[in-house]
Amino acid sequence: MTGTGGAPVPPALPGPAIPIGDDESDMAVTTEPAGRAAETPPKTRKAKAPKARRRPLRHRLRRDWALIVLTAPAMVQLAVFFYAPSAYSVIAFMDYSPYRSLWENPIIGFTHFQILFQDPYFVDALLNTLKFAFAQLLFVFPFSIVLALVMHSVVSTKLRSTFQSIVYLPYFFSWVLVVSVFTQVLGQDGLFSRWLVGMGGERLDITRDPDTFMFLAWMQWTWKDAGWGMIIFLAALAAINPALYEAAAVDGANRWRRLWHITLPSIRPVIVLLLILQLGGILSVGFEQYQLQRAAVGWGASEVLDTFVYYRTILSSNGESLGTAAGLFKGLIGLLLILAANNIAHRFGEQGIYQKS
Amino acid sequence: MATPSGGSPVRRRSLFKAAGVGTAGAAGVPLASACGEVSGGEGNVQEVDPTLGILPEYKEWPLPIEPDLLGDPPDHPSGYLAYPNPPARAITTPPGNSGSYQVYVPNWGPALTADDPYLLAMQEATGGTKIEFVQSDGEAFAEASTQWIQAEEFGDAIFMFGWMTNSHANFNETVVNRFADITDIVSGDIAERWPLLAGRGDAAWADSVWSADPEDPAGTAGIYGVPWTLLGGPGNAFFHRADLLAEGGFAVPTTVEELLETARAWSDDSAGRWAIGGSDYMSKAWFRLEATGWLWDGSGLVHNNERSEFKEWVRFQRTLTDEKLRHPSVGSADFDGKTLHRTGEILFDQDGWSRWWQMTQEVRATGENPAFALGPVGALTYEGREPMYHAARGVGGWLFFRKDLGEDAIAELLDVSNYAAAPYGTKEYETTFFGFEGQQFTYDADGRPAFTEAGVKGFQDSLAYTAMSGATEYLLEGPADIVEARFAFDEAIQPYLDENPFQGLRLTGPEAGNNAGAVFDEKVNDIVYGRAELSELDAAVETWRADGGDEAREFYEKAYKQLHGE
């Protein structure tokens with residue numbers, strides 16, 4: 001969860017929970033392997049598809065025109081603010097100068113990509129980015145699931161909503177605020193340092209030590225973003241049919257078995273969906289967090305692709321094309337990862353980010 | 001419309017050829033073979049020539065009130081001991097204008113709202129021109145301006161400090177492509193309409209000239225901006241808290257060794273006291289490092305980075321880290337030298353000259369610390385070498401106009417610039433810098449303008465009308481004792497001011513050199529702040545040379561030789 005946008009739209013989430021809950025209830029009784037049971041429905045659907053007679057476009061238009069009108073504003077907005085600007089990515093293949101009109105720039109092919117991959121700082125930035133992305137995936141993502149499960153098991157609604165707000169609120173803080181709060185508390189002249197020095201100890205060095213930056217970044221992600229993931233999972237948890245728990249309890253399933261056989265399988269589609277989206281943005285680990293702390297821990301520990309683009313291709317350099325090439329590369333990797341993850345999700349019988357028809 | 005960046009246009013591929021490459025690439029030719037050449041990044045030289053015919057005719061604008069202390073401007077500015085009260089009127093008949101404009105300015109003070117009474121009063125005072133100042137934090141402004149200017153989204157005019165141009169890839173090229181050429185408007189005799197702008201002098205106006213084609217500098221020269229203050233004398237200062245030094249029984253250090261001694265004695269990490277605040281740009285001169293980076297050794301140019309003095313400087317800076325003599329937040333965005341210096345958590349800190357009189361005046365006004373006293377540290381020496389002090393040269397910045405802003409509109413804005421060019425001691429200067437009596441300031445016991453609550457909150461330190469032009473003459477300001485002390489300091493420092501080896505040239509180095517320099521500086525910061533070891537410096541210097549340092553040397557050497565006829 002990078003906080004840089006691309007957040008999935010929550011309303012799409014609770015939907016699929018119901019039918020799958022039915023699947024799982026079957027499973028609980030018959031103890032059939034989950035994989036096979038889930039694999040069947042898409043296959044049958046696929047087999048049915050060609051049989052359905054396609055109506056002519058004219059008919060479909062007459063039937064669906066209202067829907068098209070409803071989506072038109074969104075399409076126009078996307079076109080103006082997303083597709084049109086994206087078209088300018090073509091400058092990655094040009095010897096671009098801002099003082100010429102676009103079509104006057106000579107096309108030079110993949111030179112900028114070549115320069116990019118030969119740049120040792122780009123490679124460093126790429127490796128750092130992957131390091132942070134996997135750390136987020138491994139240590140923050142599961143954390144929000146655990147948080148949601150803990151939250152879900154708290155019975156007192158008052159305690160629950162209080163705790164929920166406390167954990168969720170930091171998500172709305174900007175990175176500027178998060179970083180300065182951390183410096184105020186954990187910095188060399190911060191709250192903890194003063195307290196430690198008062199007790200005769202040493203000052204904390206964590207906000208300026210490049211070796212522990214990963215740990216610091218992890219604390220910041222967790223504090224800022226774990227609550228947001230928790231809310232999504234809580235929504236999925238709320239959609240589970242309580243009758244399932246009751247039935248399981250009657251059958252003698254203890255707390256852990258219920259967690260394992262009911263709760264986790266029920267929120268699996270949401271987990272997979274978030275995982276895919278997370279994978280797609282794997283090279284976008286964010287910008288502000290690293291840029292703000294770059295001076296404190298040095299660029300070696302904090303340079304990621306986005307800061308690379310800013311410092312090496314925007315500031316003090318004619319790097320419009322090079323920066324765009326870096327951005328395109330990032331987008332391409334993201335697209336490939338999304339497609340791959342989505343494909344795997346379909347193989348496991350999940351919906352993924354779109355329905356396979 | 002497009003201007004070549006000083007490189008030979010022959011290297012650029014024509015669109016026809018390039019299209020061929022494009023289709024070949026699409027047809028599945030392997031990646032490596034589908035490569036063309038990338039142009040640009042060779043660097044750019046511009047000459048600052050005060051004898052150019054296009055400059056506005058200089059017509060002296062004598063100070064209406066004689067200063068008490070007469071210096072030798074611009075290296076040794078004059079100053080008033082008592083505030084000239086009442087100040088003189090510089091403009092007797094204000095113009096009658098009605099236009100409305102937007103000007104982008106950097107700002108470190110409070111932001112003004114569009115209907116601030118000060119702005120409304122200034123609109124009337126300057127002749128009716130309504131200006132909306134779009135103010136952004138200065139550091140962010142420097143970086144963001146690169147994008148605004150390329151996208152031509154900076155209102156009708158933008159103010160840029162000279163140092164901000166470092167954020168741009170090739171500012172010389174940017175200027176001629178993005179800003180209006182105002183030669184036709186300001187060339188010749190302009191004393192009739194803009195007497196104060198005519199009084200700015202050739203040196204200031206020559207520094208606002210750029211040439212569209214560097215191959216033909218004189219033929220394509222044009223005036224592209226209104227020059228801000230013409231700088232001279234010591235550029236910045238390393239200030240000490242005189243009261244705290246005296247309290248601890250320390251003398252003002254005169255050598256780097258003494259500074260370290262004092263710092264060691266005064267600093268106490270566990271008590272939260274660190275003698276040194278910011279020192280990076282001031283301390284280089286103590287080790288005789290060059291302000292421009294390049295030193296002519298008789299046969300060629302040597303860069304600071306490669307000199308043994310640089311290693312000494314890095315070692316000194318590292319000592320500050322290792323022995324905990326420097327405030328731990330220095331080097332990060334959280335460092336607030338002004339506040340720390342005011343509260344006495346740090347003893348020394350670097351800043352522009354205004355810190356001296358402004359902070360002193362503020363502390364005196366609040367009465368928070370009657371003993372408070374600041375003072376500049378002189379040219380420190382290391383190992384008994386010759387003292388050196390970096391001077392400020394040229395104009396400090398420019399006001400640039402949008403390329404397609406009409407001639408009448410530019411002339412109207414120049415009316416405002418003319419107003420802002422009035423020097424210290426005039427009513428116009430007073431309104432520009434202090435506001436209006438009874439609203440933003442009142443006269444204190446000494447007859448000097450002192451900000452009121454409203455002035456401090458809404459106006460003090462803000463860059464607005466101050467950005468429209470530099471004054472005809474820069475004069476020292478502040479309370480009498482500080483003006484006196486500054487005047488004496490300037491006099492004493494004159495023999496140690498450094499010379500700019502490229503005086504008269506405006507240089508944009510080759511891009512490879514700039515990039516290698518940026519990478520090198522980051523490595524040095526790693527060493528200084530304890531993230532890397534001093535032993536890694538030599539390897540970093542080698543990398544810098546190979547990655548662009550030598551290319552930059554070649555470029556600067558060529559410019560140096562041409563300039564000095566070597």
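Parameters and conventions
- Residues numbered from 1 in each chain as written.
- Chains lettered and ligands numbered in written order.
- Predicted model: local features only at pLDDT ≥ 70, side-chain atom pairs only at ≥ 80, totals over all residues.
- UniProt positions renumbered as here; feature names shortened; annotations may be inferred.
- Helix = DSSP H or I, 4+ residues; strand = E, 2+ residues; numbered from the N terminus.
- Pairing = 2+ DSSP bridges.
- Axes fitted to C-alpha atoms, helices over the stretch in contact; angles between N-to-C directions.
- Contact = placed C-beta atoms within 7 Å.
- Domains from an automatic or database assignment.
- Buried ≥ 20, exposed ≤ 12 C-beta atoms within 10 Å, placed from the backbone.

> What's the story with the UniProt feature "transmembrane region" (unreviewed entry) in chain A in this structure? I'm lost.
Residue and element names in this part refer to chain A. Here the UniProt feature "transmembrane region" (unreviewed entry) sits at residues 65–84, 132–154, 166–186, 226–245, 266–287 and 322–341. Note that residues 65–84 is 100% helix and 0% strand, and that its end C-alpha atoms are spaced 25 Å apart. Here residues 266–287 runs as 68% helix and 0% strand, with 34 Å between its end C-alpha atoms.

> What exactly am I supposed to notice about the sheet that holds strand 2 (residues 100–107) of chain B here?
Strands pair in a sheet through their backbones, by hydrogen bonds, and they do so in one of two ways: parallel or antiparallel. Residue and element names in this part refer to chain B. Here five strands make up an open sheet; going across it, the order is 3-2-4-13-7 and the pairing mixed. Edge strands, defined here as strands with exactly one partner in the open sheet, are strand 3 (130–137) and strand 7 (225–227). Taken pair by pair, the neighbouring strands of this sheet meet at an average axis angle of 20 degrees, ignoring direction. The pairing of strand 2 with strand 3 spans eight bridges and is classified as parallel. By the bridge assignment, valine 105 is partnered in strand 3 with glutamine 135. Taken strand by strand, helix 3 (residues 138–150) contacts strand 2, strand 3 and strand 4 (157–161), and its axis lies near 115 degrees from that of strand 3.

> Please explain the domain arrangement of chain B as it appears in this structure.
Size of an interface: often given as the accessible area lost when the parts come together. Per the domain assignment, the segments of chain B are domain 1 (9–40), domain 2 (46–233 + 394–478) and domain 3 (237–391 + 499–564). One C-alpha centre belongs to domain 1 of chain B, the other to domain 2 of chain B; they are set 46 Å apart.

> I tried to follow unusual backbone geometry on my own but got confused; where do I start?
The phi torsion of most residues other than glycine is negative, and most of the peptide bonds are trans. Residues and elements named next belong to chain B. A cis amide bond links proline 73 with the next residue in sequence, proline 74, at an omega value of 5 degrees. Within the fold, proline 74 resides in the loop between strand 1 (44–47) and strand 2. Here the amide bond leading from asparagine 85 into proline 86 is cis, since omega sits at 0 degrees, within 30 degrees of zero. Inspection of the secondary structure assignment puts proline 86 in the loop between strand 1 and strand 2. For arginine 288, which is not glycine, the phi torsion reads 65 degrees and is therefore positive. Among the structural elements, arginine 288 can be located in the loop between helix 10 (280–286) and strand 9 (294–296). Phi at glutamate 383 is positive, roughly 55 degrees, even though this residue is not glycine. Along the chain, glutamate 383 falls in the loop between strand 12 (374–377) and strand 13 (397–401). By C-beta crowding, glutamate 383 is classed as exposed, having 10 other C-beta atoms within 10 Å.

> Sorry, what's going on with the UniProt feature "domain: ABC transmembrane type-1" (unreviewed entry) in chain A here?
What UniProt calls "domain: ABC transmembrane type-1" (unreviewed entry) maps, in this numbering, to residues 126–341 of chain A. The span residues 126–341 of chain A carries 77% helix and 0% strand; its end-to-end C-alpha distance comes to 21 Å.

> Teacher, can you tell me more about the sheet that holds strand 11 (residues 348–351) of chain B here?
Residue and element names in this part refer to chain B. The strand order across the open sheet built from three strands is 11-8-12, with neighbouring strands paired in antiparallel fashion. A strand with exactly one partner marks an edge of an open sheet, and here the two such strands are strand 11 and strand 12. Ignoring strand direction, the axes of neighbouring strands in this sheet form an average angle of 40 degrees. In this sheet, strand 12 lies alongside strand 8 (residues 237–241) in antiparallel orientation, the contact comprising four bridges. Paired with histidine 240 across the bridge in strand 12 is glycine 375. Packed on one face of the sheet, helix 13 (residues 354–366) meets strand 8, strand 11 and strand 12 and runs near 165 degrees to strand 12.

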